[in-house]
Amino acid sequence: MFQNIDTCLEKYIPQEELNHVQRILYGKKLEELQLPESCINNVDNVEVKGFKFDSLTEELREKRTVRVGVIQNQIVLPTTAPLVEQRNAIYQKISKIIKLAAEANVNVLCLQEAWPMPFVFCTREKFPWCEFAESAETGPTTLFLKDICKLYNMVIVSPILERDEQEVIWNTAVVIDNFGKVIGKHRKNHIPRVGDFNESTYYMEGNTGHPVFETAFGRIAINICYGRHHPLNWLMFGLNGAEIVFNPSATIDGLSETLWGIEARTAAVANSYFSCAINRVGTETFPSEFTSGDGKPAHKNFGHFYGSSYITAPDGSRTPGLSRTRDGLLISEIDLNLCRQVKDHWGFQMTRRLDLYADSLADIVNSK
């Protein structure tokens, strides 16, 4: 299977031309991080990559250096296995990858969308899949991660299927700080209605707005999956002060791959923050056939989740993507001061016309 575009370019384009191609496609060349050998050549064959984004050294502000990490992974057991065994097997896998992130001194880490479970939302079956839904504050996944956050002095963004006190289900990202405290959550604003994405069967559109969370390592926000297709969703996190916006996702080849490398990157440029695009990897097969809105014959798998997670700086430079087929950990060392530096250079925040947009949006909304 095709691994990723970066290895393909490196294989077939001579180095001199490759330098120009990468400069145009990805912005300035990034320095590779020197990571521990035990992290790079790990026993679980997890792909680990690390890159450093440059920034100016300022006279009046110290650098605000942060190491950000994102994890993409396959599920472990078949979807026919008992649910608790499926979840525990994923916990075990992820705990090992988080340990690798800790060895590389990662400060803030984000997991993929609905990470403790298969991506069941294609099936339209409520049982047994709704059993995976859990409390954001006291559920087993949050309890599992709280100790890890304290152990490694790490902020972790944990996207789960949430069941609230009224038995309403949400697609939620839980933010746990480096002391093991839940400091907040964000519920997915936009639910897809395309192809096999039958997610509105399971959970509601979010009601948390566009929160930004103050952590020891910067102001972070989460634009969950389908929200990346909505530029105003990205905009609102920036207006609310985000310096890093994570986009935990689950998306398949043949549907969104031509958009994948564009959306999180253009959001970083337009809003002068760092963006981190995280996708699942692998193919998940279910016991029962299901149909889609695309007229395809009934089938048992959703398609291939193509990974390719990447991180972009506000100046538009970006890392290469992780593999399309392997579990992976991508690490970036960033200076949050670059957010303001890019704002000063390009002046996007000064030259945008929010007053004009607000008036036009109000006219459109009120005309309905």
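Going by the structure above, here's the rest.
This structure is a prediction, so every number in the text was calculated from the model and none was measured. (Residues numbered from 1 in each chain as written. Predicted model: local features only at pLDDT ≥ 70, side-chain atom pairs only at ≥ 80, totals over all residues. Heavy atoms only, no water.)

### Quick look at the side chain of Asn337
Link 1 in the chain: Tracing the sequence through the fold places Asn337 in helix H8 (residues 337-346).
Link 2 in the chain: Look at Asn337 and you get buried, because its relative accessible area is 1%.
Link 3 in the chain: A distance of 2.9 Å separates the side chain of Asn337 from the backbone oxygen of Glu62, its partner in a polar contact. (Helix = DSSP H or I, 4+ residues; strand = E, 2+ residues; numbered from the N terminus. Buried < 20%, exposed > 50% of the residue type's maximum accessible area, 1.4 Å probe, protein only. Polar contact = N/O pair within 3.5 Å; in protein donor to acceptor, adjacent residues only side chain to side chain.)

### Describing unusual backbone geometry
Note: most residues except glycine have negative phi, and most peptide bonds are trans.
Link 1 in the chain: That bond from Phe127 to Pro128 is cis: its omega, 5 degrees, falls within 30 degrees of zero.
Link 2 in the chain: Tracing the backbone shows Pro128 in the loop between strand S4 (108-110) and helix H5 (140-152).
Link 3 in the chain: Positive phi values are uncommon outside glycine, yet Ala114 reaches one of about 50 degrees.
Link 4 in the chain: With respect to the element layout, Ala114 can be found in the loop between S4 and H5.
Link 5 in the chain: One non-glycine residue with positive phi stands out, namely Glu167, at about 70 degrees.
Link 6 in the chain: Inspection of the secondary structure puts Glu167 in the loop between strand S5 (155-163) and strand S6 (169-176).
Link 7 in the chain: Of the residues examined, Glu167 reaches a relative accessible area of 54% and is grouped as exposed.

### Some points on the layout of surface pockets
Here the idea is plain: a probe the size of a water molecule rolls over the atoms and shows the empty space left.
Link 1 in the chain: Of the pockets and cavities examined, the largest pocket occupies roughly 470 Å³.
Link 2 in the chain: Together, 22 residues line the largest pocket, and Glu10, Lys29, Glu32, Phe51 and Pro320 are the ones closest to its centre.
Link 3 in the chain: Broken down by secondary-structure element, the contributors of at least two residues to the lining of the largest pocket are helix H1 (5-12), helix H2 (15-26) and strand S2 (47-52).
Link 4 in the chain: The dominant element in the lining of the largest pocket, judged by the number of residues it contributes, is H2, at six residues.
Link 5 in the chain: Tallied by class, the residues present in the lining of the largest pocket amount to nine nonpolar, five polar and eight charged.
Link 6 in the chain: In this structure, the second largest pocket occupies an estimated 380 Å³ of space.
Link 7 in the chain: Surrounding the second largest pocket, 19 residues form its lining, Ile5, Tyr26, Glu257, Gly261 and Arg318 being those nearest its centre.
Link 8 in the chain: Listing elements by their share of the lining of the second largest pocket, those giving two or more residues are H1, H2 and helix H7 (257-271). (1 Å grid on protein atoms, 1.4 Å probe; cavity = no way out; pocket = protein on both sides within 12 Å on 5 of 7 lines; lining within 4 Å. Points joined across faces, edges and corners; volume = space filled by probe spheres on them. Nonpolar A, V, L, I, M, F, W, Y, C, P; charged D, E, K, R; others polar.)

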